[in-house]
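Letter by letter, the chains look like this.
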Amino acid sequence: MGLDYALVHVKFTIPLAGFLTVTAKPFLTSLDLVRIAFLVVVAVTATIPWDSYLIRTGVWTYPPDGVLGWSLFDIPVEELFFFVVQTYITSLMYILCNKPVLLAQYLDTPSTRKAWVQRAKTAGQIALVAATAFGGYLIKQNGAGTYTGLILTWACPFLLITWSMTGEILLTLPWTSTLLPILAPTFYLWVVDELSLSQGIWTIEDKTKLQSQLFGQLDLEEALFFLISNTLVAFGIAAFDKAVAVCDAFPNKFPQPSDTLPIMSLLEARVLPASQYDMKRITGIKEAVERLRKKSRSFYLASSVFPGRIRMDLTLLYSYCRLADDLIDNAESPKEALDWISKLKGHLDSVYCAPKAANAQDFVRANFPPSAHSALELLPSHIVSAEPLYALLEGFRTDVEFTAERESPIREESDLQLYAARVASTIGEMCLDIVFHHTGHKDNRPLLYTAAKEMGIALQYVNIARDVAVDAAMGRVYLPQTWLEEEGLTAADVLAQPSGPKVERMRKRLLGKAFERYRSSRGSMDLIPGEAKGPMVVAVESYMEIGRVLAEGGLRVEGKATVPAWRRIGVVWKTLVKA
Ligand SMILES: CC(C)=CCC/C(C)=C/CC/C(C)=C/CC/C(C)=C/COP(=O)(O)OP(=O)(O)O
């Protein structure tokens, strides 16, 4: 009996698993825990017979004075723990690295797939069949290649199955979501192996190994084993994730969202032929994600912590609001901008007032450019109520008045409040519509809607305080006329010079009002139901952080400057820890 192998865990695997647990815990949903548990069970079950065979046939051995002595099917308990902890570490890494990605946008059908993706997927399948066959050949030779052969014949069939299920997604995901979570733990385990296991805690018999080392004393087989087993874990979760993405992307086919763990729906989603995917919806989701990514760093980051379907609907809602705003802001003349507002109203009428949905689609096709179609057609109008959307368009009318009228439309502070209520309280309300719809909760609704409206105003005030110069460049001064007068300024002065001590004073004043409203509504957020609470707080805190940096006197560079990336991620983490 000895402690050497156990000490490897104490020194290397457990600290890493602990560190990852603490880092990842705030981001994990209950579905993530199921993912990890599922993978650990599958990995341990699949590895036990293989490992037991290797030990019993003497491919590798453990010196009795290096292990505790307890075993299952001849596998030392430390080794069993290795399967668990390695799978746990790699799954956690994979889940963390995939948080920023909304997977549904990567779904495709054979007919929409890019030719290189299809070719690479087929090449991968052929390579895996060949590797399995080669493994069989090496085993048959019963020589130095035996251990390599055993690794290949054990892992490649599993890899072939999961690759065939998800290869097209794995090929198109960013490398930070695929290669990184495979290679980072692999490299770590290589180093652990080199540092400690090479001291003879286990030994691969000379007869059955190639006798070449990747570096130091790290046998090639050992390096291959870690690489291939981590790839198995990643491909396994990817296969699980694809079912989740399909289930969440097509609510018409799968009414229950994935986070309620509808086992049958997930199985059906898993086997639904890709040719039946609604690609119009997938393309629309992809465009919406892109719009969010390009236009709002704060909300893009915050969106990554929402559970599946809420995240999708919030992204689609953002896409609609942003598209409407852009159509109006980018219009060549006030007349064109007002035309867009009436067309957008016409669209809402056709969605909410007309009896048939077909009308809405015809209206969109006849009145809007193709780049606007998906954002309009995928507005989750069966979830969000009509009033806030009409009010939002009224808010956009105020933006047009800056160029259409000679007088600023924001005369008093109450005008500013009304404007913020129209363009931002409405968003808060609609966010809640989506949360209530997906969580099914009904408690505290009036109180939460009141708080959401307040919070919307707070965020809008921060937005205006940040963008004084950006807005001035568009000919807009949202600071109330009465405030300007108190400072002895006119709107024309601010348009000409959107900085200086007087502007700074008004910026601070506006931020003060933003934080007052934030403080009055923040407490109610604890009543937001379920797994939406943490992410909603994240969205609000990420945006208010801009206000905090501004109040500290940061963001001196005028323009679209925001909070540094490390600080934004820190806010997300801290917020989720507390939520
Ligand atoms: C308080 C309770 C119960 C819930 C909170 C409800 C929420 C989330 C309220 C906030 C609503 C919200 C997100 C308003 C949008 C305000 C805003 C300033 C949007 C600016 O959007 P962009 O201009 O696209 O973003 P950037 O400023 O990042 O470019």
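Bear in mind that the values here come from a model prediction, so they are computed numbers and not experimental data.

(A) Region of the structure containing the packing of helix 17 (residues 445-466) against helix 22 (residues 533-551). The contact between helix 17 and helix 22 brings their axes to 9 Å, and the two run at 40°. In this view, helix 17 runs oblique relative to helix 22, as classed from their interaxial angle. Crossing hand, helix 17 versus helix 22: left-handed. Of the residues in helix 22, those touching helix 17 at Met455, Ala458, Leu459, Val462, Asn463, Ala465 and Arg466 are Val540, Tyr543, Met544, Ile546, Gly547 and Leu550. Split into classes, the residues belonging to the contact of helix 17 with helix 22 amount to 10 nonpolar, two polar and one charged.

(B) Fine view of the packing of aromatic side chains. All told, the structure shown has 21 aromatic pairs when counted by the stated rule. Seen in terms of ring centroids, Trp50 and Trp154 are 4.4 Å apart; in terms of plane orientation they differ by 20°. Their pairing is stacked. Note that Trp50 is positioned in helix 2 (residues 30-56) and Trp154 in helix 5 (residues 146-172), a separation of 104 residues in sequence. Trp154 shares its class with Trp50; the two are buried. Seen from the ring of Trp340, Lys343 lies directly overhead, with NZ or CZ sitting 4.8 Å from the centre. The cationic tip of Arg509 hangs over the ring face of Trp483; the distance from NZ or CZ to the ring centre is 4.1 Å.

(C) Broad picture of the pattern of salt bridges. Per the stated rule, a full pass over the model turns up 32 salt bridges. Arg567 is the partner of Glu545 in a salt bridge, and the nearest nitrogen-oxygen pair spans 2.6 Å. Of the two residues, Glu545 sits in helix 22 while Arg567 sits in helix 23 (residues 565-578), which places them 22 residues apart along the sequence. Each member of the pair Glu545 and Arg567 is classed as buried. With a closest N to O distance of 3.2 Å, Arg567 and Glu552 form a salt bridge. Taken together, the positions of Arg567 in helix 23 and Glu552 in the loop between helix 22 and helix 23 put the pair 15 residues apart, joining distant regions of the chain. Exposure remark for Glu552: the relative accessible area of 56% places this residue in the exposed category. Linked through salt bridges whose partners overlap, the residues forming this network are Arg522, Glu541, Glu545, Arg548, Glu552 and Arg567.

(D) Focus on unusual backbone geometry. Not every positive phi belongs to a glycine, and Asn142 is a case in point at roughly 55°. Position of Asn142 among the secondary structure elements: in the loop between helix 4 (115-141) and helix 5. Overall, Asn142 belongs to the exposed group, its relative accessible area being 61%. We note that Gln211 has phi near 65°; this positive angle belongs to a residue other than glycine. Mapped onto the secondary structure, Gln211 falls in the loop between strand 4 (203-204) and strand 5 (213-215). Gln211 gets classed as partly exposed once you look at its relative accessible area, which sits at 44%.

(E) View of the nonpolar core. Grouped together as the largest cluster of nonpolar side chains are 90 residues, with contacts concentrated most on Trp50, Leu107 and Tyr147. Of the residues forming this core, the biggest block, 16 residues, is contributed by helix 7 (residues 220-249). Shared between two domains, this core holds at least three residues of each, these being domain 1 (4-276) and domain 2 (281-578). Once residues within four sequence positions are removed from consideration, Leu107 is found in contact with Ile169, Lys242, Ala245, Val246, Ala249, Phe250, Tyr277, Met279 and Ile282. Counting 81 residues, the second largest nonpolar core, distinct from the first, contains Ala420, Ala424, Ala465 and Ala532.

(F) Examining the UniProt feature "transmembrane region" (unreviewed entry) in the chain more closely. Within this structure's numbering, the places UniProt gives as "transmembrane region" (unreviewed entry) are residues 6-24, 36-55, 80-97, 122-139, 145-163 and 170-191. Between the C-alpha atoms that bound residues 145-163 the distance is 25 Å, and the span itself is 95% helix and 0% strand. Helix makes up 73% of residues 170-191 and strand 0%, whereas the separation of the span's terminal C-alpha atoms amounts to 26 Å.

Analysis parameters
- Residues numbered from 1 in each chain as written.
- Predicted model: local features only at pLDDT ≥ 70, side-chain atom pairs only at ≥ 80, totals over all residues.
- Heavy atoms only, no water.
- Axes fitted to C-alpha atoms, helices over the stretch in contact; angles between N-to-C directions.
- Helix = DSSP H or I, 4+ residues; strand = E, 2+ residues; numbered from the N terminus.
- Parallel < 35°, antiparallel > 145°, perpendicular 65-115°, else oblique.
- Left-handed = near helix turned anticlockwise from the far one by under 90°.
- Contact = heavy atoms within 4.5 Å.
- Nonpolar A, V, L, I, M, F, W, Y, C, P; charged D, E, K, R; others polar.
- Phe/Tyr/Trp six-rings, centres within 6.5 Å; stacked < 30°, edge-to-face > 60°.
- Buried < 20%, exposed > 50% of the residue type's maximum accessible area, 1.4 Å probe, protein only.
- Lys NZ or Arg CZ within 6 Å of the ring centre and 35° of its normal.
- Salt bridge = Lys/Arg side-chain N within 4 Å of Asp/Glu carboxyl O.
- Core = buried A, V, L, I, M, F, W, Y, C linked by side-chain atoms within 4.5 Å.
- Domains from an automatic or database assignment.
- UniProt positions renumbered as here; feature names shortened; annotations may be inferred.

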